[in-house]
Amino acid sequence: MVPDRRGPDVTTENVDRRYLRMPHSERGMVVGLFGGSFNPPHQGHALVAEIAIKRLGLDQLWWVVTPGNPLKSRNQLAPLAERIAESERVARDPRIKVTAFEQTFGVSYTANTLARVKARNPHVHFIWIMGADSLQTFHKWQKWQEIARTFPIAVIDRPGATLSFLSSKMARTFDFARVDEDDARVLWKKRAPAWTFIHGPRSGLSSTAIRNGSSHSDAE
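The structure displayed is predicted, hence computed values, not measured ones. (Residues numbered from 1 in each chain as written. Predicted model: local features only at pLDDT ≥ 70, side-chain atom pairs only at ≥ 80, totals over all residues. Heavy atoms only, no water.)

## Quick look at the overall build of the protein
- A count of helices and strands for the protein gives 6 helices and 6 strands.
- The secondary structure elements of the protein, listed N-terminal to C-terminal, are β-α-β-α-β-α-β-α-β-α-β-α.
- Across the 220 residues in the protein, those meeting the buried criterion constitute 54%.
- Within the protein, counting contacts between residues at least 6 apart in sequence, those at least 24 apart form 78% of the total.
- Of the accessible surface of the protein, which amounts to about 10,400 Å², a share of 47% is contributed by carbon and sulfur atoms. (Helix = DSSP H or I, 4+ residues; strand = E, 2+ residues; numbered from the N terminus. Buried < 20%, exposed > 50% of the residue type's maximum accessible area, 1.4 Å probe, protein only. Contact = heavy atoms within 4.5 Å. Areas by Shrake-Rupley, 256 points an atom, 1.4 Å probe, with all protein chains shown as cover.)

Below, the structure written as structure tokens:
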């Protein structure tokens, strides 16, 4: 999930209403929250989701298509309906629930979104999932320390970010809260702040590179 701000170019036109509601979950479930603009979604995103489901023991993974990201240009942002449809084509695992419920919150940032998710689902165990490449700018996000204190966080390895994540402000600030990767399956039991770094297969696919007519890049 990324810090977002609704803009005039983001509409719900042609978006099925079911995508604008939070997916159904049952009491006691372990659910991963994997958000982004997915502009466009690709197999690299699917790989992160697959690793998260397997290593964290998730019952569901909510693939949250966000309205946008204020840290990135909206000039090439595809319509929300298109990004949802493409995400459905990429996310094949039945445990993955593609959703765009964040759009209904209006002007919002990730911290606000997570607070609402927690309030509406008090009996579900959530883990927030992010790619390691996002850690370098994480401290620029609105209320980033509050985000880290809301849900446990699983950071999934990405090309070019395996070592650099250790120098990130988030990793240094919450070094005391790091959970060993071998304990990833019980991360949901930890009280936030708690986070782990998960190594695994990495895809060099990049949404930015795809939009620019290339297939691979070291950066998203």
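## Some words on helix H2 (residues 80–90)
- The complete set of buried residues in H2 reads Leu80, Ala81, Arg83, Ile84, Ser87 and Val90.
- Here the buried face of H2 lies against helix H1 (43–56), strand S2 (60–65) and strand S3 (96–99).

## A closer look at H1
- The terminal C-alpha atoms of H1, which comprises 14 residues, lie 19 Å apart, in line with the 20 Å expected from a rise of 1.5 Å per residue.
- Of all 14 residues making up H1, 10 are buried, and the element is well covered by its neighbours.
- Taken together, the buried positions of H1 are occupied by Gly44, His45, Ala46, Leu47, Val48, Ala49, Ile51, Ala52, Ile53 and Leu56.
- In the stretch just after H1, Gly57 is the one whose phi turns positive, near 65°. (Expected span 1.5 Å × (residues − 1).)

## Notes on the side chain of Thr99
- Inspection of the secondary structure assignment puts Thr99 in strand S3.
- From its side chain, Thr99 meets the backbone oxygen of Arg21 in a polar contact 3.3 Å long.
- Only 3.2 Å separates the side chain of Thr99 from the backbone nitrogen of Phe101, close enough to count as a polar contact.
- For Thr99, the contacting residues outside a window of four places in its chain are Tyr19, Arg21, Pro23, Trp62, Trp63, Val64 and Val65. (Polar contact = N/O pair within 3.5 Å; in protein donor to acceptor, adjacent residues only side chain to side chain.)

## Let's talk about the pairing of strand S5 (residues 153–156)
- Of the two faces of S5, the one holding Ile153 and Val155 and the one holding Ala154 and Ile156 are both buried throughout.
- Here strand S4 (residues 125–131) pairs with S5 via 4 bridges, running parallel. The residue bridging Met130 from the neighbouring strand is Val155, located in S5.
- Two strands pair when backbone bridges link them, and S5 and strand S6 (residues 195–198) are joined in this way by 4 bridges, in the parallel orientation. (Pairing = 2+ DSSP bridges.)

## Examining the pattern of salt bridges
- Evaluation of the coordinates by the stated rule reveals 3 salt bridges.
- In this structure, Glu181 engages Arg55 in a salt bridge whose closest nitrogen and oxygen atoms are separated by 2.9 Å. Of this pair, Glu181 sits in the loop between helix H5 (169–173) and S6 while Arg55 is found in helix H1, placing the two residues 126 residues apart along the sequence.
- Arg55 gets classed as partly exposed once you look at its relative accessible area, which sits at 27%.
- A salt bridge links Arg95 to Asp93; its shortest N-O distance comes to 2.9 Å. (Salt bridge = Lys/Arg side-chain N within 4 Å of Asp/Glu carboxyl O.)

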